Amino acid sequence: MDTIRPYLEYLSAHPYLNAVLVLAGALILARLIDRFMIGLVRRLASRTRSDVDDRILEVLHRPVFQTVMLVGLRIAIETVLPEGQAADVVQGIIKTLMVLIWATATIRLTSVVLRWMSSNEDRFRAVQMPTVPLFDIVAKVVIFGIGSYLIMLNWDINVSGWLASAGIVGLGVGLAAQETFANLFAGVSILADSPYKIGDFIVLDGSERGRVTQIGLRSTRILTLDQVEVTVPNAIIANSKIINESGGPSRRQRMRVPFGVAYGTRIEDMEPLIMAAAKSDESVLETPEPRVHFKGFGDSSLDFEVRCWIERPEEREQIVNRINRAIYRTLNEAGIEIPFPKRDLYIKEWPERLLR
């Protein structure tokens, strides 16, 4: 201790030299951390399958180096400047720079993590390519708010008034854009729940039917069979009954084609003919095979229904058209009457003036 005491007394008598040595030590320490700690972690991360850890290290490389240097600069300034207003200002600037450095690094880290999550849709259903901008904006707003709060605390700024003003502004914006926010949150829930995906044929509340062409944060676009694009707000879809004709374990769909024949028709002779008419369409699947079901007794007809399976739900209307034509042609060739409503009019009494 007696050996190094003269050196310590010399450094205390020369604060600027002491500051230079502190900065040099900070630079050496930053280099060592960058070479050994970051390098070791990078080598371990290179053994993993995903490259997300490599990108995270790439983002953290510069902030760690800058933080060590700023800490060294703060210590060096404390040895040079006496306690007072000037020292407090310099220390406040250094703390502000550290907050800005790590806020920027956190934003970059958030972008890296969101891109990685969007590439793993099976594990993170809520974070997909269309929703990444929403989560990115929310993360930036939160990070900006926390960073601003820390900077104001660093400079002894009263944050109560700012928080009250931000709350009032946020309430006004929320009331003015409540429909927009409702569509945004509904879009996130749709992407997370996945009731349908792009390319599926859906029916909304039994009205709009078509292929889903785009799922956005605000709305979903559907291309109808008339080649008309319909844009439906996500908030409406979230509160609607959705029939996904392309859902289930396969795209196959059972189709029903009703028809009727006159009373007195021999069912045993008619059913094989209808079965052959349904099977004649190449779009009708052989397995499960088509069936003819006797639905009931109508006012003017015996009501039947052809039930068959098709592979492409989007072609249902065209297939129904072809099967109806085949049924009509088959019944006509077989001489089986297709009934229609008939009314018999009975006149109880003619007025006398018409009899004259």
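One can find the structure itself at the top, above this paragraph.
Just so we're clear, the structure is a prediction, and the values are computed from it rather than from any experiment. (Residues numbered from 1 in each chain as written. Predicted model: local features only at pLDDT ≥ 70, side-chain atom pairs only at ≥ 80, totals over all residues. Heavy atoms only, no water.)

### Focus: the sheet that holds strand E7 (residues 291-297)
Backbone hydrogen bonds hold the strands of a sheet together, and the pairing may be parallel or antiparallel. To keep things clear, this is the line we draw: In this analysis, strands are considered paired if DSSP registers two or more bridges between them. In DSSP terms, a helix is any run of H or I states spanning at least four residues, a strand is any run of E spanning at least two, and both are numbered starting from the N terminus. Orientation is described by lines fitted to C-alpha atoms, with helices fitted over the stretch in contact, and by angles between N-to-C directions that extend from 0 to 180 degrees. Contacts were defined at the residue level, with two residues in contact if any of their heavy atoms lie within 4.5 Å.
Pairing is antiparallel across the open sheet formed by three strands, whose spatial order is E6-E8-E7. Looking at strand neighbours, the two that pair on one side only are strand E6 (253-261) and E7, the edges of this open sheet. With direction set aside, neighbouring strand axes in the sheet form an average angle of 25 degrees. The strands that helix H10 (residues 316-334) touches are E6 and strand E8 (302-310); relative to E6, the one it contacts most, it runs at about 30 degrees.

### Some details on the environment of Glu 229
Position of Glu 229 relative to the elements: it lies in strand E4 (residues 229-233). A C-alpha to C-alpha distance of 9.5 Å links Glu 229 and Val 212, two positions 17 residues apart in sequence. Beyond its immediate sequence surroundings of up to four residues, Glu 229 is in contact with Thr 213, Arg 221, Ile 222 and Leu 223.

### Looking at the sheet that holds strand E1 (residues 201-204)
The sheet built from five strands is open, its strands ordered E4-E3-E2-E1-E5 with antiparallel pairing. Two strands lie at the open edges of the sheet, namely E4 and strand E5 (242-244), each paired on one side alone. Neighbour-to-neighbour, the strand axes of the sheet open up by a mean angle of 40 degrees, direction not taken into account.

### What to know about the pattern of salt bridges
What counts here: For this analysis, a salt bridge means a side-chain nitrogen from Lys or Arg found within 4 Å of a carboxyl oxygen belonging to Asp or Glu. When accessible area is computed with a 1.4 Å probe and restricted to protein chains, residues below 20% of their type maximum are described as buried, those above 50% as exposed, and intermediate ones as partly exposed.
Overall, the coordinates contain nine salt bridges when judged by the stated rule. With a closest N to O distance of 3.2 Å, Lys 140 and Asp 136 form a salt bridge. One end of the pair is Lys 140 and the other is Asp 136, both in helix H5 (residues 132-154) and four residues apart, which spans about a single turn. For Lys 279, the salt bridge is made with Glu 289, and the minimal N-O distance between the two is 3.5 Å. Of this pair, Lys 279 sits in helix H9 (residues 267-279) while Glu 289 sits in the loop between H9 and E7, and the two are 10 residues apart along the sequence. Glu 289 gets classed as partly exposed once you look at its relative accessible area, which sits at 38%. Sharing partners across several salt bridges, the network here consists of Arg 256, Glu 305 and Arg 307.

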